[in-house]
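# Structure at a glance
The chain contents come next:
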Amino acid sequence: MHLEPYLLSPSVLTRTAINQRVAALAADTDRWQSLLHYSTDERWYAQLESNPYYDAWLLSWTPGQTTELHDHGGSSGAFTVLTGSLREVVLAAGLPRHVDRPAGSTVTFGSKYIHDVGHAGHGPAASLHVYSPPLSTMNYYAIDRGEVLRTRTEATETPERGWPRHPALATLTAVS
């Protein structure tokens, strides 16, 4: 992918480029399908690509697994539900809105997007996420009496703190 026409700045892709990358990766089932791993104990992820412009992550979900309410620390992004279904809680004007995301749906978001994502339905689910610039911090939030409060900010190189990485995938981190 030739990136120069899709740059907003020296290290940030446009929404069009982010959408194109998440769509291309989602369509390349040979690239991710054999890597996919499901755990009922904890959410699982693998980094598929990483470069100065974006990073791409494969995530799996089983019943009961969710993230916390968070943003991506200034990164914009997109995610596509590959299999199963997810439920997203999106904050709009400080109010939570629940949206079901079935397989095949894609969500594109800007750098100030606050949401929570969780498994919905039966059986496992998988999703593919692209962030630009690559994730470096994430902010976490709580809603208290109708007010959105940032509870903490954490440096990160993963889609969410504490996620386990499958040991067999340790070599899948850098793709130019």
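Quantities reported herein were computed from a predicted structural model and do not represent experimental measurements.

## Re the overall build of the protein chain
In terms of helices and strands, the protein chain carries 2 helices and 12 strands. Overall, the protein chain shows an N-to-C arrangement of helices and strands of β-β-α-α-β-β-β-β-β-β-β-β-β-β. A total of 176 residues make up the protein chain; the buried ones form 47% of that total. Total accessible area on the protein chain stands at roughly 8,500 Å², and carbon and sulfur atoms take up 51% of it.

## What about the environment of Ile143?
Position of Ile143 relative to the elements: it lies in strand S11 (residues 137-144). Each C-alpha atom of the pair Ile143 and Leu69 lies 9.1 Å from the other, and the pair is 74 residues apart in sequence.

## So, the side chain of Arg101
With respect to the helices and strands, the residue Arg101 is situated in strand S7 (residues 95-102). A distance of 2.7 Å separates polar atoms of two side chains, one belonging to Arg101 and the other to Glu88. In this structure Arg101 touches Val81, Ser85, Leu86, Glu88, Val90, Val107 and Tyr113, once residues within four positions along its chain are discounted.

## A word on the confidence of the model for the protein chain
Chain-level pLDDT for the protein chain is 85 on average; 83% of the residues reach the 70-or-more range. Below a pLDDT of 50 lies the segment residues 162-176, which in the model reaches 31 contacts outside its immediate sequence neighbourhood of four places, other chains included.

## What about the sheet that holds strand S6 (residues 85-92)?
Read from one edge to the other, the open sheet built from 3 strands follows the order S7-S6-S9, with strand pairing classed as antiparallel. In this open sheet, the two edge strands, each paired with only one partner strand, are S7 and strand S9 (115-120). This sheet shows a mean twist of 25° between the axes of neighbouring strands, independent of strand direction. Bridge count between S6 and S7: 8 bridges; the pairing is antiparallel. In the strand pairing of S7, Val89 is matched with His98.

## Points about unusual backbone geometry
Following Ser132, the chain continues into Pro133 via a peptide bond in cis, with omega recorded as -10°. By secondary structure assignment, the location of Pro133 is in the loop between strand S10 (125-132) and S11. Not every positive phi belongs to a glycine, and Arg145 is a case in point at roughly 50°.

## Re the packing of aromatic side chains
Using the criterion set out here, one finds 3 aromatic pairs in the structure. Taking the centre distance of 5.3 Å and the plane angle of 65° together, the rings of Tyr45 and Trp57 count as edge-to-face. Remark: Trp57 occurs in strand S4 (residues 55-61) and Tyr45 occurs in strand S3 (residues 44-50); sequence separation between them is 12 residues. Residue Trp57 is classed as buried on the basis of its relative accessible area of 2%. Pairwise contacts between aromatic rings join Phe109, Tyr113 and Tyr131 into one cluster. Over the ring of Tyr140 we find Arg152, and its NZ or CZ is 4.1 Å from the ring centre.

## Section: the sheet that holds strand S5 (residues 76-83)
Neighbouring strands of a sheet are bound in pairs by backbone hydrogen bonds; such pairs are parallel or else antiparallel. The strand order across the open sheet built from 5 strands is S3-S4-S10-S5-S8, with neighbouring strands paired in antiparallel fashion. Two strands lie at the open edges of the sheet, namely S3 and strand S8 (106-109), each paired on one side alone. This sheet shows a mean twist of 15° between the axes of neighbouring strands, independent of strand direction. Note that S5 and S8 share 4 bridges and pair antiparallel. Looking at S8, one finds that Phe79 is bridged to Val107. Contacting S3, S4, S5, S8 and S10, helix H1 (residues 15-27) runs over the sheet at an angle of about 25° to S5.

Conventions we followed
Residues numbered from 1 in each chain as written. Predicted model: local features only at pLDDT ≥ 70, side-chain atom pairs only at ≥ 80, totals over all residues. Heavy atoms only, no water. Helix = DSSP H or I, 4+ residues; strand = E, 2+ residues; numbered from the N terminus. Buried < 20%, exposed > 50% of the residue type's maximum accessible area, 1.4 Å probe, protein only. Areas by Shrake-Rupley, 256 points an atom, 1.4 Å probe, with all protein chains shown as cover. Polar contact = N/O pair within 3.5 Å; in protein donor to acceptor, adjacent residues only side chain to side chain. Contact = heavy atoms within 4.5 Å. pLDDT = per-residue confidence, 0-100. Pairing = 2+ DSSP bridges. Axes fitted to C-alpha atoms, helices over the stretch in contact; angles between N-to-C directions. Phe/Tyr/Trp six-rings, centres within 6.5 Å; stacked < 30°, edge-to-face > 60°. Lys NZ or Arg CZ within 6 Å of the ring centre and 35° of its normal.

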